Amino acid sequence: MADFNKIANKWQKRWEENTIFRVKEDPKKKKYYVLEMYPYPSGSGLHMGHARNYCIGDAFARYKRMNGFNVLYPMGYDSLGLPAENAAVKAKSHPRIFTDNAIATFIKQQKSLGLSYDWDRMVQTHKPDYYRWDQWIFLKMLEKGIAYKRKAFANWCPKCKTVLANEQVHNGRCWRHQDTEVELKELNQWFFRITDYAEELLEDIEKLEWSEDVKTMQRNWIGKSRGTLIDFKIEGSDKNLTVFTTRPDTLFGITYLVYAPEHPDVAELVKGTPYEKPVAEFARKVALEDRFKRTAEDKEKEGMFIGRYAVHPATKEKIPIYCANFVLYEYGTGAIIAVPAHDQRDFEFARKYDIPIRVVISPPDFDLDPQKMSRAFIGDGDIVNSGKFDGMNNRDAIEDITRYLEKIGKGRSTVQYKLRDWLVSRQRFWGTPIPIIYCERCGTVPVPEKDLPVKLPDDINFTSAKNPLVDYSPFVDVKCPKCGGPGKRETDTMDTFVNSSWYFLRYCDPHNEKQIFDSRKADYWMPVDVYIGGKEHACMHLIYFRFYQKFLSDLGLVKAREPCKRLFNQGMVHKDGVVMSKSKGNVVLPEEVSEKYGIDTGRLFLLFVAGPDKDMEWSDQAVEGSYRFLKKLFSLVEKEIVDAEDRKQESKLNKTIVEVDSYMEDFRFNMAIISLMDLANYLYTKEKINSSVLERLVKLMSPFTPHICEEMWEKLGNNPFVSLAAWPKADKKKIDLAVDAQEDLVSNTVADIARIKDLVDIKNPEKITLIVAPEWKYSLFRDVKKELETSHDPGKIMKAVMVPEHGKEISRLVPSLVKDPGKLPGHVLDQGTEIEALKDASDMLGKEFKTDVAVIRAEDSDDKKAASALPGKPAILVA
């Protein structure tokens, strides 16, 4: 019996020795860039849940390579980040040691999966030769006004001891530690002005071949709104409260204004007043709540008066100012107008806190009484109680009231986005150092490009969770590059999402020491043709990398404005009903599968059990089934291989190629494998196999089970490597539907016999009789198929196909066939051909079921079961 492990080791070694997957730019060949989201190299290594993602990418890369494309398929490691730093603190070691060991484990495991990466292009983001270009991009962003520093309240994880971007706070908790509530902290921090690209990021979503739900998530996150900014003078202050609204038509119905509790103005306005302490406590509580949950319709509206009033720009009335949980600091200006008569949320809040309600839109059929209203009127109508605008349709009044506000210098039309600038400062060690020096004389000074990279020190102690750079004089204390005086380095490092925002471009030219990458190479390979990864990254990585691509394009470094054409979101692997993960204790390691079955078995199982975009359940029993199939597949090379063409085998093969091609392009690998299993099982029943047919089957299987297929390819007398062989082309002229129908007839009959045997519980039958349908049913089925091309009306079809002699049976059959056309064979044979096909297969059937098999016509049978025989589905007697 073949040793699949030995075979895998043999071919992995040969692939590496011959560098067969190494690739370079070739203007004569059409490129194809396949990429999986590169992994964070955790200390626990890979499990089969991770492996599925890589096997999906590898199967597609192999398919495209065999189709003549110049395929770029690289791998690297997102190797900066908190887990390595925490491990270093625990071990009193250095994160680099943990990271290097973890990467070595990952590489070994990925190579054992047989992944066809161009390993020569590997990037590791913790290496100075990579992060020097992170720093170079930062300097370019600083130069262009995209990078800037300001004081801001930030999400602070006390366990990570660092700042988190909004996108990294999930349900008020750290995205890494779901047991840790995030706090609010004011810090001086670095930001990237991603909002400069908000409009293009939004518009270009339409160009992306991404799933609609991911595109919708991005649209909502960017959150474009057209509206009006209104300025309210705060009484007793030199401040204005500026509010963004899409409903200026309700200007005269404003009875209170509301700040987000965490808005910096709130703390300033209540300072030194009796409101200071309760407002601060309320702000702290609200700011940590999930931003979507706190604004949900069913969330209780909570707030408090802050002791201040604003002046209405039109009426000059005093309007009380509140802070409330349903206002977000990061949306609009962080404050809203409240019109309780015409907004349900504002209405509920006004009733709860006894705030006046003023009607300014009157419905066409009745008058509204603020005292008696039980809910807000949110429909359209005529403007009332609004001075010179009374009588106008409220929608028509939007522009007029905006122009009025502009005229009196209290408002203007504008566009707002929910998207906020990207906070990139992190108070951690194991990240890209920010290339900035602070000088008392010169201020904030960028590190000169010639001095990059600013390296993370190796000789540093990790004794606590605090960032050790802060107290490490050899790193912090430097000369100012401008004046030569004493300076201090920035000790914050960059968010690790920075590293992953451009790594796909570095793969295009990973060894370039003089440039971030050669633009000619990037323009050859970019954009990524298919990017494989989880949709949970929709509002973090998948927005950030689009922003980076556009910025680098603006620098003239790459032509493509979008990083990837097509996004494929893979499903998750579950075991025992939950997602496979180390924390759940339900992981299956590649080594376990490989040792018992060979890694091709694991690959086949991962790609066969469910569509790659669907979640799947790990099943040891199904893995066994995949192993049995591979043993059967491999045994085909031990049969008698002949050169003589076999018309039936050719037909079956070419039909399979057509099916597999359509499935591969749509990532329906499970369906492609089902077709290939069907072909392999069919060939397994033959004593002789045409050599060309078997060779092409091996090619078709090789993206899924490359090691076994290399071995079979060699055993068939071919030179290595099947991985580089041309993908088979279908010859549709050789597809004989009648031949195919005969093969389907036989295989379906085998399955039906097995089912009936189990049903009647006869383990060793003395005889099996197959009763072929009467001749008139074949004519009926052909006629019904023809009629279904133009009509699905049972009565009309019945009339067209009716034969009085068989009227009773036709009346029963036709409605059933019209309701479920799947009962009709794809190709209707004639009775004689079915009899011949079943008689030709009778020896095989006899061996399969260890008994005699007889084939007779329904016309020659007295058994009542003969009446149930249909074209393509003989009646079966087991005795």
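Residues numbered from 1 in each chain as written. Predicted model: local features only at pLDDT ≥ 70, side-chain atom pairs only at ≥ 80, totals over all residues. Heavy atoms only, no water.

Asks: For unusual backbone geometry, give the residues involved together with the corresponding values.
Replies: Put simply, Leu452 and Pro453 share a cis peptide bond, and its omega is 0°. Residue position: Pro453 is located in the loop between strand S20 (443–446) and helix H13 (473–476). Here the residue pair Met526 and Pro527 is connected by a cis peptide bond, since its omega of 0° sits within 30 degrees of zero. The residue Pro527 is located in the loop between helix H15 (519–525) and strand S24 (528–532) in this model. The phi angle at Asp354 is positive, at roughly 55°, despite the residue not being glycine. Overall, Asp354 belongs to the exposed group, its relative accessible area being 72%. In this structure, Phe667 takes a positive phi of about 60° despite not being glycine. Relative to the elements of secondary structure, Phe667 occurs in the loop between helix H20 (647–665) and helix H21 (669–684). By relative accessible area, which is 1% here, Phe667 ends up buried. (Helix = DSSP H or I, 4+ residues; strand = E, 2+ residues; numbered from the N terminus. Buried < 20%, exposed > 50% of the residue type's maximum accessible area, 1.4 Å probe, protein only.)

Asks: Break down helix H26 (residues 794–801) for me, with residues and values.
Replies: Listing the buried residues of H26 in full gives Ile797, Met798 and Val801. One side of H26 carries all its buried residues, which in axial view fall inside an arc of 105°. Set apart from the buried face of H26 by more than 90 degrees, the exposed residues are Lys796 and Lys799. On its buried side, H26 packs onto helix H25 (775–788) and helix H27 (807–819). Capping of H26 at its N-terminal end is provided by Asp793; its side-chain oxygen lies 3.0 Å from the backbone amide nitrogen of Gly795. (Arc of directions from axis to C-beta. Contact = heavy atoms within 4.5 Å. Polar contact = N/O pair within 3.5 Å; in protein donor to acceptor, adjacent residues only side chain to side chain.)

Asks: Would you mind going over the pattern of salt bridges in detail, with residue names and values included?
Replies: Per the counting criterion, the structure on display carries 62 salt bridges. In this structure, Asp740 and Lys655 form a salt bridge, with 3.2 Å as the shortest nitrogen-oxygen distance. One end of the pair, Asp740, is in helix H24 (residues 737–760); the other, Lys655, is in helix H20, and 85 residues separate them in sequence. The class of Asp740 is buried, set by a relative accessible area of 3%. A single network of salt bridges, built from pairs that share partners, joins Glu200, Asp204, Lys207, Arg546, Lys550, Asp554, Arg561 and Glu562. (Salt bridge = Lys/Arg side-chain N within 4 Å of Asp/Glu carboxyl O.)

Asks: Can you tell me about the packing of H25 against H26, naming the residues and giving the values?
Replies: One way to put it is that H25 packs onto H26 with a least axis distance of 10 Å and a crossing angle of 135°. One way to sum up the angle between H25 and H26 is to call them oblique. Read as a crossing pair, H25 and H26 show a hand that is right-handed. Every residue of H26 that contacts H25 at Leu780, Asp783, Val784, Glu787 and Leu788 is listed here: Ile797, Ala800 and Val801. Of the residues contributing to the contact of H25 with H26, the split by class is six nonpolar, no polar and two charged. (Axes fitted to C-alpha atoms, helices over the stretch in contact; angles between N-to-C directions. Parallel < 35°, antiparallel > 145°, perpendicular 65-115°, else oblique. Left-handed = near helix turned anticlockwise from the far one by under 90°. Nonpolar A, V, L, I, M, F, W, Y, C, P; charged D, E, K, R; others polar.)

Asks: Tell me about the sheet that holds strand S22 (residues 486–489), and please be specific about residues and values.
Replies: Across the sheet, four strands lie side by side as S20-S19-S22-S21; this open sheet has antiparallel pairing. On the outer flanks of this sheet lie S20 and strand S21 (477–479), each paired with one strand and no other. Adjacent strand axes in the sheet meet at a mean angle of 40°, parallel and antiparallel pairs treated alike. Examined bridge by bridge, strand S19 (residues 436–439) and S20 share four bridges and lie antiparallel to one another. Within the sheet, the bridge partner assigned to Ile437 lies in S20 and is Val445. (Pairing = 2+ DSSP bridges.)

Asks: Can you break down the packing of helix H18 (residues 599–608) against helix H19 (residues 620–635) residue by residue, with the values?
Replies: At a minimum axis separation of 9 Å, H18 and H19 run at an interaxial angle of 115°. For the pair H18 and H19, the sense of crossing is right-handed. Where H18 abuts H19, its residues Asp600, Thr601, Leu604 and Phe605 lie against Ala622, Val623, Ser626, Tyr627, Phe629 and Leu630. Residue composition of the contact of H18 with H19, by class: seven nonpolar, two polar and one charged.

Asks: Now, about the sheet that holds strand S7 (residues 183–192): what can you tell me, with residues and values included?
Replies: In a beta sheet, neighbouring strands pair by backbone hydrogen bonds and run either parallel or antiparallel. Pairing is antiparallel across the open sheet formed by four strands, whose spatial order is S4-S3-S7-S17. On the outer flanks of this sheet lie strand S4 (162–164) and strand S17 (422–423), each paired with one strand and no other. Here strand S3 (residues 147–157) pairs with S4 via three bridges, running antiparallel. Paired with Trp156 across the two strands is Val163, which belongs to S4. Along the sheet, helix H5 (residues 128–143) makes contact with S3 and S7, crossing S7 at roughly 85°.

Asks: Which residues make up the pairing of strand S31 (residues 767–772), and what values go with them?
Replies: Regular strands show a simple pattern: their side chains alternate between the two faces of the sheet. A large share of S31 lies buried, amounting to five of its six residues. In the sheet, S31 pairs with strand S32 (residues 852–857) via six bridges, with the strands oriented parallel. Directly across from Lys767, in S32, lies its bridge partner Asp852. Judged from the four bridges that link them, S31 and strand S33 (residues 875–878) form a sheet pairing that is antiparallel. Residue Ile771 lies in a different strand from S33, and its bridge partner there is Ala875.

Asks: Now, about helix H29 (residues 842–849): what can you tell me, with residues and values included?
Replies: Taken residue by residue, H29 has Ser842, Leu845, Gly846 and Phe849 as its buried positions. Buried residues in H29, looked at end-on, bunch into an arc of 105°, giving them a common side. Of the residues in H29, the exposed ones pointing more than 90 degrees away from the buried face are Asp843 and Lys847. If you follow the buried residues of H29, they end up packed against H24, S31, helix H28 (831–840) and S32. Directly beyond the C-terminal end of H29, a positive phi value near 55° is found at Lys850.

Asks: Can you explain the packing of aromatic side chains? Please cite residues and give values.
Replies: All told, the structure shown has 49 aromatic pairs when counted by the stated rule. A ring pair is formed by Tyr38 and Tyr503, whose centres lie 3.7 Å apart and whose planes are at 10°; its orientation type is stacked. Taken together, the residues Tyr38 in the loop between strand S1 (31–36) and helix H2 (48–66) and Tyr503 in helix H14 (residues 503–506) connect sequence positions 465 residues apart. A single burial state applies to Tyr38 and to Tyr503, both of which are buried. Taking 6.2 Å as the distance between ring centres and 85° as the angle between the ring planes, the aromatic pair formed by Tyr77 and Phe106 counts as edge-to-face. On the criterion of sequence distance, the pair formed by Tyr77 in the loop between strand S2 (70–72) and helix H3 (82–91) and Phe106 in helix H4 (residues 95–112) is long-range, its members being 29 residues apart. (Phe/Tyr/Trp six-rings, centres within 6.5 Å; stacked < 30°, edge-to-face > 60°.)

Asks: Give a detailed account of the state of the cysteines, specifying residues and quantitative values.
Replies: Evaluation of the coordinates by the stated rule reveals zero disulfides. Distance from the sulfur of Cys439, which forms no disulfide, to the nearest cysteine sulfur (Cys483) is 3.6 Å. Cys439 sits in the buried class, given a relative accessible area of 7%. Counting only cysteine sulfurs, Cys564 is the nearest neighbor of Cys539, a cysteine outside any disulfide, at a range of 15 Å. The class of Cys539 is buried, set by a relative accessible area of 17%. (Disulfide = S-S within 2.5 Å.)

Asks: For the side chain of Ser519, give the residues involved together with the corresponding values.
Replies: Within the secondary structure, Ser519 is located in helix H15. At a separation of 2.7 Å, a polar atom in the side chain of Ser519 contacts the main-chain carbonyl oxygen of Leu557. Those residues in contact with Ser519 that sit more than four places away from it in its chain are Gly556 and Leu557.

Asks: Outline the side chain of Gln189, supporting the account with residue identities and numerical values.
Replies: Here Gln189 lies in strand S7. Gln189 has contacts with Tyr148, Lys149, Arg150, Ala152, Ala154, Val163, Leu423, Ser425 and Gln427, leaving out every residue within four places of it along the chain.

Asks: Before we move on, could you go through the pairing of S7 and cite the residues and values that matter?
Replies: Bridging between S3 and S7 involves ten bridges; their strand directions are antiparallel. Directly across from Lys149, in S7, lies its bridge partner Trp190. Where S7 meets S17, two bridges bridge the pair, whose relative direction is antiparallel. Of the residues in S17, the one forming a bridge with Phe191 is Leu423.

Asks: Please provide a residue-by-residue account of the layout of surface pockets, values included.
Replies: Within this model, the largest pocket holds a volume of roughly 1900 Å³. Lining the largest pocket are 49 residues, and of these Tyr40, His50, Trp175, Glu536 and His537 lie nearest its centre. Those elements that place two or more of their residues in the lining of the largest pocket are H2, H3 and H4. Ranked by residue count, the leading element in the lining of the largest pocket is H2, at five residues. Among the residues making up the lining of the largest pocket, the classes are represented as 22 nonpolar, 22 polar and five charged. (1 Å grid on protein atoms, 1.4 Å probe; cavity = no way out; pocket = protein on both sides within 12 Å on 5 of 7 lines; lining within 4 Å. Points joined across faces, edges and corners; volume = space filled by probe spheres on them.)

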